[in-house]
Amino acid sequence: MSSPGSAVPTGQVSIFGRGFSPQPVSSMPLEAVAGLIKGRDGLQVETERTRKAYAAALKAHANHGDAHGDDAYKATKRQLPGITPSGTFSYREKSHLVEYSGLLGYDLDGIDDIARIKAAARSDSFCVMAYVSPSGHGLKLFLRWAPPRPEDHARAWDAGRRHIESVYDVTI
């Protein structure tokens, strides 16, 4: 398996419609996805609606645990499109991989110090994209970590997880 930082183009990723649709609606370069997420005309309104629903769920569930299970929050989150950073797929299942990107996606939920983690991501040569999750209380990280074959993806993902836990001082 190649080591982190091996030269890998970011390639195309699949975009899935609202909710957890199993059928991709398109594919685009990761750079375009970053523009869609962070751009003024992109998903900003829908993401803000999701964050407000999450904040309301936190308030409503203050004495009852995690707000991730709140129906209103889940309903608004399902309105956001999904992506598969590890490549393009004809169907949202690993056996339907069309083209492997060598990118690995990680969800860091319940982060107390988002600014610190984002700063670490900016200086991490393996991190190609980091953004605040729809809840506003976590981060999504995409690492460039180039296994030679898709069959090595699980081992590469685990190596990337260990890297994140060590460098970012978080638990995934």
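Preceding this paragraph is the structure being described.
Residues numbered from 1 in each chain as written. Predicted model: local features only at pLDDT ≥ 70, side-chain atom pairs only at ≥ 80, totals over all residues. Heavy atoms only, no water.

## Remarks on the pattern of salt bridges
Oppositely charged side chains are able to pair whenever their charged atoms sit close together. For the coordinates displayed, the defined rule picks out 6 salt bridges. Among the salt bridges present, the one from Arg161 reaches Asp158, with a minimum N-O distance of 2.6 Å. Of this pair, Arg161 and Asp158 both sit in helix H5 (residues 153-167), 3 residues apart, which is roughly one turn of that helix. The class for Asp158 is partly exposed, based on a relative accessible area of 26%. (Salt bridge = Lys/Arg side-chain N within 4 Å of Asp/Glu carboxyl O. Helix = DSSP H or I, 4+ residues; strand = E, 2+ residues; numbered from the N terminus. Buried < 20%, exposed > 50% of the residue type's maximum accessible area, 1.4 Å probe, protein only.)

## Some thoughts on the packing of aromatic side chains
Evaluation of the coordinates by the stated rule reveals 3 aromatic pairs. Arranged with centres 4.7 Å apart and planes meeting at 25°, the rings of Tyr106 and Trp157 form a pair that is stacked. Taken as a pair, Tyr106 in strand S6 (residues 103-109) and Trp157 in helix H5 lie far apart in primary sequence, 51 residues in all. Measuring from ring centre to ring centre gives 5.6 Å for Phe126 and Trp145, while their planes differ by 55°; the resulting arrangement is tilted. Within this pair, whereas Phe126 is found in the loop between helix H4 (114-123) and strand S7 (127-132), its partner Trp145 is found in the loop between strand S8 (138-144) and H5, the two being separated by 19 residues in sequence. On the accessibility criterion, Trp145 (6% relative accessible area) is buried. Geometry around Phe16 places Arg92 over its ring, the cationic atom sitting 4.6 Å from the centre. (Phe/Tyr/Trp six-rings, centres within 6.5 Å; stacked < 30°, edge-to-face > 60°. Lys NZ or Arg CZ within 6 Å of the ring centre and 35° of its normal.)

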